[in-house]
Amino acid sequence: LRYRLNSTFEYEESFRDYVKSNNILVAPTIAWDIKKNLLFNFEYVYKNSTAIDDPGLISPNGKVKGLDNLPSNLYLSEPDHKYLFEDQSVSATLTYLLNNNWRFRSVNFYAYTENRPWGIWPYYPDENGDMERYEYGYKQWLSNLSNSIELTGIFYTGPVKHNILFGVDYQSNVSRYTEGSELVYLDSMNIYNPVVGVTISQEPNLPYLNFKPLILRNGVYLQNQSLFLNEKLHVLSSLQPAPPIIPPDLFANNANEIPTPPPTYSTQIEFGAKTSFLNEKIGASLSLFQIDNRDVYGYYYLPDSTGSINYDIYNIYVDGHHRSRGIEIDADGRINKWLSLTAGFGYTL
């Protein structure tokens, strides 16, 4: 039975007036070898962060050169406006070694996050430097649950080695927001002569909206990695039937369930090669790839009657096409005991 405790505390002050933050992290871990072939790992992570809002600078003339007329420590928000963040998560992994070649593993994870942004958005100043400031503030919580079961193993068909992976996944995401994410007029300020602390506003404590966005995912996947020619040639094949994605909006008194979208189909083609230089002191790899995702599910927000984006109004699309293709080159190694090399290049379209 082994345990470890990681913890950090960070306090930071900025070169910018009033801006500071503090962060706390506590993460205990337990590893228990119940038997020689039965292993259990448990981890808990707690994060807490408080940071004073900093909207940055705005150029008086709308150009980068205009920032030269402003001091770098200029503060355009209010120091009582803070971002609050708290996150807790637990994960548990149970591993059972069937024999030297086969392994069963169950991974379970749960996280709960609370987020409270409260900030100020300064608008473009006029020729005299007078500008309007707008305020926003809301609360948000998110809950994430995931479970996966995997079976991995090795077997041979003649000289060909096969690495097999079979798994089942389940995931649910629930979140909830309050009102207050829109910008509301607060006051006016002169960018050349800012005065902080004149306008007092209330810390956001708005009611939650009467629905909870909920997304459920589950799937089954099978993967086979075949190794030929003394493991010099690898062929990877996988099958993952598109899982049903159910994104209902849960209301207080009724449920409005969006119909399950059609399956998303993905194809990936990749070719690669590896080699070494300088008597195997430097290893290098080259890969070419293309990934296509078709009938992708997504959504986009719509403007309201005033032309502003309303985050409560959105459209869903199910026929998106995402494609990425590119090249990746990596090299690393140690040339001698004083000099090591790590290099990488990637180009993606």
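These numbers come from a predicted model, not from an experiment.

**Digging into the overall build of the protein chain**
(1) Moving on: Counting secondary structure elements, the protein chain contains zero helices and 19 strands.
(2) Moving on: Taking 20 Å as the expected radius of gyration for a compact globule of 349 residues, we find that the protein chain reaches 27 Å, considerably beyond that expectation.
(3) Moving on: Scored against the burial criterion, the 349 residues of the protein chain give a buried share of 28%.
(4) Moving on: Counted over contacts in the protein chain with a minimum sequence separation of 6, partners at least 24 positions apart contribute 63%.
(5) Moving on: Of the roughly 23,000 Å² of accessible surface on the protein chain, 56% is carried by carbon and sulfur atoms.
(6) Moving on: Considering the protein chain, the positive charge centre built from 27 side chains and the negative charge centre built from 38 side chains are found 14 Å apart.

**Details of the nonpolar core**
(1) Moving on: One finds Leu70, Leu74, Leu76, Met131, Met189 and Ile191 forming the largest nonpolar core, which totals six residues.
(2) Moving on: Apart from the residues within four sequence positions on either side, leucine 70 is in contact with Ile58, Pro60, Ile191 and Tyr192.

**A few points about the sheet that holds strand S10 (residues 184–190)**
Within a beta sheet, neighbouring strands are joined by backbone hydrogen bonds and run either parallel or antiparallel to one another.
(1) Moving on: Taken in spatial order, the three strands make up an open sheet running S6-S7-S10, and their pairing is antiparallel. In the strand order of this sheet, the two ends are held by strand S6 (118–122) and S10, each with one partner. Strand-to-strand twist in this sheet, taken as the mean axis angle between neighbours without regard to direction, amounts to 30 degrees.
(2) Moving on: Pairing of S6 with strand S7 (residues 130–137), which is carried by five bridges, proceeds in the antiparallel orientation. Note on S7: the bridge partner recorded for proline 122 is arginine 133.

**What to know about the side chain of serine 172**
(1) Moving on: Along the chain, the position of serine 172 falls in strand S9 (residues 160–177).
(2) Moving on: Judged by relative accessible area, which is 11%, serine 172 ranks as buried.
(3) Moving on: Residues contacting serine 172, with those up to four places away along its chain left out, are Ser143, Asn144, Leu145, Ile215 and Leu216.

**A look at the packing of aromatic side chains**
(1) Moving on: Taken as a whole and assessed by the stated rule, the structure comprises five aromatic pairs.
(2) Moving on: With centroids separated by 5.2 Å and ring planes inclined at 45 degrees, the aromatic side chains of tyrosine 18 and tyrosine 75 adopt a geometry described as tilted. In this pair, tyrosine 18 is assigned in the loop between strand S1 (2–13) and strand S2 (20–35) and tyrosine 75 in the loop between strand S3 (38–52) and strand S4 (82–97), connecting sequence segments 57 residues apart.
(3) Moving on: The exposure class of tyrosine 18 is partly exposed, given its relative accessible area of 47%.
(4) Moving on: A relative accessible area of 2% places tyrosine 75 in the buried class.

**Some points on the side chain of threonine 29**
(1) Moving on: The topology assignment puts threonine 29 in strand S2.
(2) Moving on: Among all residues touching threonine 29, those that are not within four sequence positions of it are Arg2, Tyr3, Arg4, Phe42 and Glu43.

**Observations regarding the pairing of S9**
(1) Moving on: One ladder, built from 18 bridges, connects strand S8 (residues 140–157) with S9; its direction is antiparallel. Paired with leucine 142 across the bridge in S9 is serine 175.
(2) Moving on: In this structure, the hairpin formed by S8 and S9 is closed by a connection of two residues, where glycine 158 is found at a positive phi of approximately 65 degrees.
(3) Moving on: Judged from the 14 bridges that link them, S9 and strand S11 (residues 211–228) form a sheet pairing that is antiparallel. The residue bridging lysine 161 from the neighbouring strand is leucine 227, located in S11.

Rules used throughout
- Residues numbered from 1 in each chain as written.
- Predicted model: local features only at pLDDT ≥ 70, side-chain atom pairs only at ≥ 80, totals over all residues.
- Heavy atoms only, no water.
- Helix = DSSP H or I, 4+ residues; strand = E, 2+ residues; numbered from the N terminus.
- Rg over C-alpha atoms; globule rule 2.2 N^0.38 Å.
- Buried < 20%, exposed > 50% of the residue type's maximum accessible area, 1.4 Å probe, protein only.
- Contact = heavy atoms within 4.5 Å.
- Areas by Shrake-Rupley, 256 points an atom, 1.4 Å probe, with all protein chains shown as cover.
- Lys, Arg positive; Asp, Glu negative; His and termini not counted.
- Charge placed at Lys NZ, Arg CZ, Asp CG, Glu CD.
- Core = buried A, V, L, I, M, F, W, Y, C linked by side-chain atoms within 4.5 Å.
- Pairing = 2+ DSSP bridges.
- Axes fitted to C-alpha atoms, helices over the stretch in contact; angles between N-to-C directions.
- Phe/Tyr/Trp six-rings, centres within 6.5 Å; stacked < 30°, edge-to-face > 60°.

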